[in-house]
Amino acid sequence: MAAPAPAPSSARRALVVYGSETGTAQDVAEELGRIAARLRFDTEVAELDAIGLNQLLQHSVVLISISTTGQGELPANSQKFWRALRSARLRPGCLHQLRFASFGLGDTSYPKFNWAHRKLYNRLTQLGARPICDRGESDEQHPEGVDGSFLPWSTTLRHRLLEQYPLPEGTEPIPDDVLLEPKWLLDFVDDNRQHREAESDKVVQNDAEEVPPDNLLDIPGGLTASIASNDRVTPTSHWQDVRQLNLDVSDYHPYIPGDVLTIYPKNFPTDVNELLSVMKWTSVADIPLRFTPSSPATLPTSRLPIPHFTSTTTLTLRTLLTNHLDIMSIPRRSFFAQLAHFTSDEFQKQRLLEFTDPEYIDELYDYTSRPRRSILEVLQEFETVKIPWQRLCSIIPTVRGRQFSIASALDPAAEAKKQTRIELLIAIVKYKTVIKRIRQGVCTRYVASLRPGQRITVTLQKGGLGVTKKETERPVVMVGPGTGIAPMRALTYQRKFWREESQHKDIGARDMLFFGCRNAESDYYFKDEWAQLQKEGIPLDVFVAFSRDQREKVYVQDLVRQQSARVYEALAKRDGIVYICGSSGRMPQAIREALIEAFQSHGNLDRTAAEAYLAAMEKSGRYKQETW
């Protein structure tokens, strides 16, 4: 394609946009922003829903990072943008001025791998937008994670940006060993620093609380939920602590099976105090701060590092580290590149830079992802690194909410009661790594600390299962091993309520639930409930695979094969629907294989025809998967 005319340096504007559900696509977008900034583009990074279509045409190039969620859908923070882009009023060619590059994040355990990225890419090109390089795609199942495909693609992108947007003569890209200046820095609210520091020293001498503070967070769309109960449902002798967390939210907030509740974790005081000590920030930990522009070029409308904050927001380092920054997350490559600027120790500097070298991607994985080493631990080990607190928010990522599939059905009386009960099933992440250190999930550790009566801030989001009341006329085949049983429980009760509401009780076929766990006595979640539902006459059969209760391991796919005649009857003869929830990886693919074999065996189909039948089910919305 023809390259656009070289733009003067002052007109080099790059817009980096992302659609992200868990934060990984946002991480990629921020890395794309750094690449563009080093090529001397005036760069802005924003979520897709924060921009309008007209803004796409106000930049030299647009770089996109997008993940796929649900049944091939775009993340929640890009749905508004997607609706605008799909408008029938847009004429072909209306985006012919737009140059873009896009990177998709997907998971091959899903049938619609990278579907959101491909839909977005195709719609942009349909409207005339022109890519500056081939689209990039990553796979969650790749042994090296996102970086396995992002690194080579980003290298190509950098070359294409320089080719199509050459720098003015005599101007070079900003070298990797030069620290990029953030748009916003932290600064004291006032200049009375000595007095403030003296007061701060008194504050931090108090013993730290063992759990995070109870204060509510200010989150757009946030709901205040009261903890009704937080009970362990596995025996204390079992290796994993699994909780049933019940929450009450004032007023009526409808939801359906497959919807998710997002919990926003906080860091523990012991970890916050340790980081303050390691960085030698204790004396300024409680002094009021605010964000200030790093240069006159930073526009007042530029987005701040902490979402929903403004330049007038007053905060402290302790508040930032407790509520907003993810000090316990696994660091990315860019983190080490920035740390290298803040040590005078040559050996540690070289070691940090090695982790940024694509040739040492295996070494980075062995140091970070494999042992699940946290940002705090890295800073403890590289003790000569001292980050200026003013730059803190440009180096440590923000804490992101964690989504949990709702395990309950909406109480039919919730609207009259003006109160909504939401139940979750959460496995508390705690284990020893290859370096014999205890690891705990950032959010589940917080969840485990929640007490009845405590109030927290949550958000309620639509899920990707797309359950409807009309489906009660069809049988369903549900597969939900482990905590994947949560949305299946919600679906079972919701179908019960809908049947009672419509007085439609007999559909001529029974629902089937395939559940998998280790032991009948340890992690057979909701065992008594299934028995009670069957006793009440609910048309439900439960098949349980206990993988450790006998010499030969049995998994959910084995039971699907054993019940293949009934599965075929429900799906092929009665137009039934399949729901698969739980851990991504091998399980979803194993279930697909078992279904294909059932279609072959009982439908007299060859392999190609059986695969085509399953693909047709996916296309018509009769095969739905939500895995994590």
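Since we're looking at a predicted model, the values are computed, not measured.

### Side note on the pattern of salt bridges
Using the criterion set out here, one finds 39 salt bridges in the structure. Here glutamate 473 ties to lysine 470 by a salt bridge, and the two come within 3.8 Å at their closest N and O atoms. Given the relative accessible area of 61%, lysine 470 is considered exposed. Salt bridges here are not isolated pairs; linked through shared partners, they connect Arg118, Arg135 and Glu137.

### Re the pairing of strand E17 (residues 476-479)
Residues Val476 and Met478 line one face of E17 and the alternating positions Val477 and Val479 line the opposite face, and both faces are buried. Relative to strand E20 (residues 577-582), E17 runs parallel, the two being bridged by four bridges. Residue pairing for E20: valine 479 is matched across the bridge by isoleucine 580. Here E17 runs beside strand E18 (residues 511-517); their pairing, made up of three bridges, is parallel. Bridge pairing in E18 links valine 477 to methionine 512.

### Here's the deal with unusual backbone geometry
Peptide bonds are, in most cases, trans, and in most cases residues other than glycine have a negative phi. Phi at arginine 40 takes a positive value of approximately 65 degrees, unusual for a residue other than glycine. Counting through the fold element by element, arginine 40 comes out in the loop between helix H1 (24-38) and strand E2 (42-47).

### Considerations on the confidence of the model for the chain
This prediction gives the chain a mean pLDDT of 90; 94% of its residues lie at or above 70. Overall, residues 1-10 carries pLDDT values under 50, and its contacts beyond four positions in sequence, including any with other chains, amount to eleven contacts. For the stretch residues 194-207, pLDDT sits under 50, and the model shows 18 contacts to residues farther than four places along the chain or on other chains.

### Observations concerning the sheet that holds strand E19 (residues 540-546)
Spatially, five strands are ordered E19-E18-E17-E20-E21 in an open sheet, and the strand pairing comes out parallel. Edge positions in the sheet fall to E19 and strand E21 (623-627), since each has one partner strand and no second. Neighbour to neighbour, the strand axes of the sheet diverge by 10 degrees on average, direction disregarded.

### A closer look at the sheet that holds strand E12 (residues 402-405)
If you walk across this open sheet you meet the six strands as E12-E10-E16-E8-E9-E13, and the pairing is antiparallel. Two strands bound the open sheet, and with one partner strand each, they are E12 and strand E13 (419-427). Neighbour-to-neighbour, the strand axes of this sheet turn through a mean angle of 40 degrees, independent of strand direction. Here strand E10 (residues 260-263) pairs with E12 via four bridges, running antiparallel. Along E12, the bridge assignment pairs valine 260 with serine 405. Helix-sheet contacts for helix H16 (residues 485-502) involve strand E9 (242-250), E12 and E13, and the interaxial angle to E13 is about 145 degrees.

### Overview of the UniProt feature "domain: Flavodoxin-like" (unreviewed entry) in the chain
On the UniProt side, "domain: Flavodoxin-like" (unreviewed entry) is annotated at positions that read residues 14-158 here. Between the end C-alpha atoms of residues 14-158 there is a gap of 13 Å, over a span that is 34% helix and 23% strand.

### Regarding H1
Taking 1.5 Å per residue as the helical rise, H1 with its 15 residues ought to reach 21 Å, and the 22 Å between its terminal C-alpha atoms agrees with that figure. Across the 15 residues of H1, eleven count as buried, placing the element largely inside the fold. What H1 keeps buried is the set Ala25, Gln26, Asp27, Val28, Ala29, Glu31, Leu32, Gly33, Ile35, Ala36 and Arg38. Against the buried residues of H1 lie strand E1 (13-19), E2, strand E3 (61-67), strand E4 (99-106), helix H5 (147-164) and helix H9 (333-339). Following H1 by one or two positions, arginine 40 adopts a phi angle in the positive range, close to 65 degrees.

About the cut-offs
- Residues numbered from 1 in each chain as written.
- Predicted model: local features only at pLDDT ≥ 70, side-chain atom pairs only at ≥ 80, totals over all residues.
- Heavy atoms only, no water.
- Salt bridge = Lys/Arg side-chain N within 4 Å of Asp/Glu carboxyl O.
- Buried < 20%, exposed > 50% of the residue type's maximum accessible area, 1.4 Å probe, protein only.
- Helix = DSSP H or I, 4+ residues; strand = E, 2+ residues; numbered from the N terminus.
- Pairing = 2+ DSSP bridges.
- pLDDT = per-residue confidence, 0-100.
- Contact = heavy atoms within 4.5 Å.
- Axes fitted to C-alpha atoms, helices over the stretch in contact; angles between N-to-C directions.
- UniProt positions renumbered as here; feature names shortened; annotations may be inferred.
- Expected span 1.5 Å × (residues − 1).

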